[in-house]
Amino acid sequence: MILGGAMGKTALDANAVKALASLPSLDELRAKIVGLIQAPATKIAQVVNAPAAKVARVFQAYAKKSEAA
C-alpha cells in the first residue's frame, strides 16, 4: 500500500504516485513523437505518388489493348 511520496521538493499523495507510475517511459514518448512526425510525411508521399501510379496504369491498359488488337 502506497501512502505517498516525494518528487524533488513536491510531496505526492497516493493518487499522484499512481498517476506518475502510469506515465509512459521516455522511450515510448520519443517513439510516439517520431510516429506523429513520420505519419504526415508518409501521407504526403502517398498523395504525390498516387497520380503517377494512375497514369502508369492507364498507359499499361492502353499497351495491353494495343497488343490485343
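Look up: the structure comes first, before these words.
Residues numbered from 1 in each chain as written. Predicted model: local features only at pLDDT ≥ 70, side-chain atom pairs only at ≥ 80, totals over all residues. Heavy atoms only, no water.

Focus on the pattern of salt bridges
Considering all chains together, one arrives at one salt bridge under this definition. Between Arg30 and Asp27 there is a salt bridge whose closest N-O contact spans 3.9 Å. Of this pair, Arg30 and Asp27 both sit in helix H2 (residues 26–68), separated by three residues, roughly a single helical turn. Residue classification places Asp27 among the exposed residues on the basis of a relative accessible area of 56%. (Salt bridge = Lys/Arg side-chain N within 4 Å of Asp/Glu carboxyl O. Helix = DSSP H or I, 4+ residues; strand = E, 2+ residues; numbered from the N terminus. Buried < 20%, exposed > 50% of the residue type's maximum accessible area, 1.4 Å probe, protein only.)

Looking at H2
Its 43 residues give H2 an end-to-end C-alpha distance of 60 Å, which sits within 8% of 63 Å, the value for a rise of 1.5 Å per residue. For H2, the tally of buried residues reaches only zero of 43 residues, placing the bulk of the element at the surface. (Expected span 1.5 Å × (residues − 1).)

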